[in-house]
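Survey of secondary and tertiary structure
In case you want the letters, here they are:
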Amino acid sequence: FPLPDPFTLAGDEGWMNYTVATDALIPTAGQATLFGRIDSANVFADPKAIYPSGYGLILRSDGAWQLIATAYKKDDVLLASGEIDQQPGQWHHLQLSFDNARIGVTIDGHSLADVNDSSHAHGMFAIGSDWTQVQFDNLSVAPIRQQRDQ
């Protein structure tokens, strides 16, 4: 398959603290990706890059998932991983939350990871696949309100 993997990018490069979520239906032998805090989507910066520069939640058709930090001309960094129950033809709700350096991963309403990483402080979001016919629905983005002392 050609590089990079296909993705649809939206939002604002200045976004910092937000939650992005979508439902995904993954065909046999495919994977869905949900990215956030994309600070660069210039795929020409690295001809070997598969993903934009940011944080990615990748869910494979076998139920294996990963949270990675990506950057051009650098190796991907695995921040968290695991496995969920996966049945063919089953929709999954994927969610990434960004609150300062805290990154939360939720799949199907279950919090699966809560990690701290400051590689990407702001950026857009994206949905994508590995060139398989992944379906997406119910995409949402919402800001995380910051509590302020008064």
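Quick summary incoming for the structure in this document. (Residues numbered from 1 in each chain as written. Predicted model: local features only at pLDDT ≥ 70, side-chain atom pairs only at ≥ 80, totals over all residues. Heavy atoms only, no water.)

The next point concerns the sheet that holds strand β10 (residues 124-129). Strand order in the open sheet formed by six strands is β1-β10-β3-β4-β5-β6, and the pairing between neighbours is antiparallel. The open sheet is flanked by β1 (7-10) and β6 (77-83), the only strands paired with a single partner. Strand after strand, the sheet turns through a mean of 15° between neighbouring axes, direction not considered. Examined bridge by bridge, β1 and β10 share four bridges and lie antiparallel to one another. If you follow F7 over to β10, its bridge partner there is G128. (Pairing = 2+ DSSP bridges. Helix = DSSP H or I, 4+ residues; strand = E, 2+ residues; numbered from the N terminus. Axes fitted to C-alpha atoms, helices over the stretch in contact; angles between N-to-C directions.)

Turning our attention to empty space enclosed by the protein. All chains considered together, the criterion is met by one cavity of 30 Å³ or more. Approximately 30 Å³ is the volume attributed to the largest cavity. In terms of lining residues, the largest cavity is bounded by D5, P6, F7, T33, F35, Y51, P52 and S129. The residue makeup of the lining of the largest cavity, split by class, is five nonpolar, two polar and one charged. (1 Å grid on protein atoms, 1.4 Å probe; cavity = no way out; pocket = protein on both sides within 12 Å on 5 of 7 lines; lining within 4 Å. Points joined across faces, edges and corners; volume = space filled by probe spheres on them. Nonpolar A, V, L, I, M, F, W, Y, C, P; charged D, E, K, R; others polar.)

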